[in-house]
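Structure assessment
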Amino acid sequence: MAGPLSPYRIVDLTSMVSGPYATQLLCDQGADVIKVETLGGDLMRHAGPARGGMSAAFLTNNRGKRSIALDLKQERGMAILEGLIETADVFVQNFRPGAAERMGLGEDRVRALKSDIVYVSISGFGESGPYVHKRVYDPVIQALAGVMDMQGGLESPRFMKTILPDKLTAVTAAQAITAALLGRERTGQGDHVRLAMLDVTVVWMWPDGFLNHTLIGEGVSDPLPMEVYDQAFETTDGHMVAFVASDDEWRGFARAAGRPELITDERYKDVSSRVAHIGEAFDEIRAVLRTGTTAEWLAKLDAEQVPTAPVNKVTDVFEDPQVVQNGTIRRIEHPHGGAAWEARPAARFDEHALDPGAPAPMLGEHTEEVLAELGIEDVAVMREAGVVG
């Protein structure tokens, strides 16, 4: 079946991760995403492990798209892009603020070509203010948004070892684009969707990272100790997580541990008491779990409905029985990159079942195909002139 977004065409001028991952999510749901690249290609084509001209970094963010390579500094290249915009529902760019306007691709110009288009601007810091002149990468946003402080706790600040702000921005952008398209169906008007990586990350951090800073003024009870997020427990053969939150779960832990006295101990009798003595409660759990193997404690605690998990290494995830059951990771064959693993789209649709998207495109792989759809036939001449790749 056609995907739920199959009627829509997206012109994607983004690079790196935040924009490309966002449009891949929409492509996974059926949108026709045309990735417009420079003749040198997205920088991610040249980053990380690669084979046959295809990098893992590009492959994992551009599944299912069609690639067209254009020199937008040439008049003919810009004319091709303008013709493509006239056929599109969404235009996405993640240039630094002001760059799109200088290129002749600001909202006014794009909307003159397609009045009801959804115009999307993704930036690092926003479109005005003291930081807009700065270049931005994921670690910069982690530092500004409080992520490093929260990860470090009482120790030195630490990065999350994943490009969190980039991916959060992508997911937020994909949702916002879908909402803008739904709004257009109702009003007939195209919107301008604006996202800043800094805003997205602060908003994402808020429900827990800023929990102790939400209520203003006097009369607020004691803050929640952030140690609640720092609890990988050592066993005799590895590490595991046991997250004991509710009273039922604490009682289940005490039974599994053979420590019934922990149920009646005043320090642990309810949630607020355990929070007040969180360090001591963790010491109890730590002392118990280090006496057995991970498998032994997983079985005992699971029998008592205590939330647990082994601490998987990245390589363990491939063989985790629930991941295998869900079919989360699948093997593909890229025509140039060869055999590769990829994570399937997380969202599944009963009424709009999708076949796996085509592998990520090579640079300019679909230039002739897309130009033919626009009625342009002199591709060889333009290629010789360096207009297309």
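The structure contained in this document is the topic of the report that follows.

What counts, and at which threshold
Sequence order as written defines the numbering, with residues in each chain counted from 1. Predicted model: local features are reported for residues with pLDDT of at least 70 only, side-chain atom pairs are reported and counted for 80 or more only, and whole-chain, interface and lining totals are derived from all residues. Side-chain figures throughout are based on the complete set of non-hydrogen atoms in the structure, without hydrogens or water. Working definition: helices are DSSP H or I runs of at least four residues, strands are E runs of at least two. Numbering for both runs from the N terminus. Contacts between residues were defined by any pair of non-hydrogen atoms, one from each residue, lying within 4.5 Å. Using the Shrake-Rupley algorithm and a 1.4 Å probe, accessible areas are obtained, with residue cover drawn only from the displayed protein chains. Multiplying 1.5 Å by the helix residue count minus one yields the expected span of that helix. Any pair of nitrogen or oxygen atoms within 3.5 Å is treated as a polar contact; in protein, a donor-acceptor pairing is required on top of that, and neighbouring residues in sequence qualify only through side-chain atoms on both sides. All axes here are fitted lines through C-alpha atoms, helices being fitted over the stretch that makes contact, and every angle between N-to-C directions spans 0 to 180 degrees. We call two directions roughly parallel when the angle between them is under 35 degrees, roughly antiparallel when it is over 145, roughly perpendicular when it lies between 65 and 115, and oblique otherwise. Helix crossings get a hand from a simple test, with the near helix turned counterclockwise from the far one by less than a right angle marking a left-handed crossing and a clockwise turn marking a right-handed one. Ten residue types, Ala, Val, Leu, Ile, Met, Phe, Trp, Tyr, Cys and Pro, are classed as nonpolar, four, Asp, Glu, Lys and Arg, as charged, and the remainder, Gly among them, as polar. Any two strands with at least two DSSP bridges between them are considered paired. Working definition of a nonpolar core: buried Ala, Val, Leu, Ile, Met, Phe, Trp, Tyr and Cys residues. They are joined through side-chain atoms within 4.5 Å. Using a 1.4 Å probe on the protein chains alone, a residue whose accessible area is under 20% of its type maximum counts as buried, one over 50% counts as exposed, and one in between counts as partly exposed. A pairing counts as a salt bridge when a side-chain nitrogen of Lys or Arg comes within 4 Å of a carboxyl oxygen of Asp or Glu.

1. Considerations on the overall build of the chain
Check the secondary structure of the chain and you find 18 helices and 13 strands. Each of the three principal axes of the chain carries a C-alpha extent, and together these read 85 × 50 × 40 Å. Long-range contacts, defined as pairs at least 24 residues apart, comprise 69% of the intrachain contacts of the chain with a sequence gap of at least 6. Accessible surface computed for the chain: about 20,800 Å², of which carbon and sulfur atoms make up 54%.

2. As for helix α8 (residues 164-187)
Taking 1.5 Å per residue as the helical rise, α8 with its 24 residues ought to reach 34 Å, and the 34 Å between its terminal C-alpha atoms agrees with that figure. At the exit of α8 stands Gly188, carrying a positive phi of roughly 80 degrees.

3. What about the environment of Tyr119?
Structurally, Tyr119 can be placed in strand β7 (residues 118-123). Linking Tyr119 and Glu107, residues 12 residues apart in sequence, is a C-alpha distance of 6.6 Å. Only 2.7 Å separates the side chain of Tyr119 from the backbone oxygen of Leu105, close enough to count as a polar contact.

4. What about the packing of helix α10 (residues 247-257) against helix α14 (residues 294-303)?
When two helices pack together, you describe them by how their axes are tilted relative to each other and by the distance separating the axes. Interhelical geometry of α10 versus α14 gives an angle of 130 degrees and a closest axis separation of 8 Å. Here α10 is positioned oblique relative to α14, judged by the angle of their axes. As α10 packs across α14, the resulting crossing turns out to be right-handed. Of α14, the residues touching α10 (which contributes Phe253, Ala256 and Ala257) are Trp297, Lys300 and Leu301. In the contact of α10 with α14, the residues fall into five nonpolar, no polar and one charged.

5. What about the sheet that holds strand β10 (residues 239-242)?
Pairing is antiparallel across the open sheet formed by three strands, whose spatial order is β9-β10-β11. Of all the strands in the sheet, the pair left with one neighbour each is β9 (232-234) and β11 (308-310). Here the average twist between neighbouring strands, direction ignored, is 35 degrees. Against the sheet, α14 contacts β10 and β11, and its axis sits at roughly 15 degrees relative to β10.

6. Observations concerning the nonpolar core
If you look at the biggest cluster of nonpolar residues, it comprises 32 residues, and the most contacted ones within it are Val90 and Val120. Broken down by secondary-structure element, the contributors of at least two residues to this core are α1 (18-28), β6 (90-93), β7, α8, β8 (192-196) and α9 (197-209). Tallying contributions element by element places α8 first for this core, with nine residues. Among residues more than four places away in sequence, those in contact with Val120 are Val90, Phe91, Val92, Gln93, Ile177, Val193 and Leu195. With 26 residues, the next largest nonpolar core counts Val11, Ile34, Val36 and Ile85 among its residues.

7. A look at the pattern of salt bridges
On inspection of all chains with the given rule, the structure shows 31 salt bridges. One salt bridge connects Arg259 with Glu284, and the closest N-O pair in it is separated by 3.2 Å. Of this pair, Arg259 sits in the loop between α10 and α11 (261-264) while Glu284 sits in helix α13 (residues 278-289), and the two are 25 residues apart along the sequence. Given the relative accessible area of 15%, Glu284 is considered buried. A salt bridge links Arg383 to Glu368, with the nearest nitrogen and oxygen atoms 3.2 Å apart. Separated by 15 residues along the polypeptide, Arg383 in helix α18 (residues 379-384) and Glu368 in helix α17 (residues 367-373) bring together distant segments of the chain. Using a relative accessible area of 33% as the deciding quantity, one classes Arg383 as partly exposed. For Glu368, a relative accessible area of 48% puts it in the partly exposed group.

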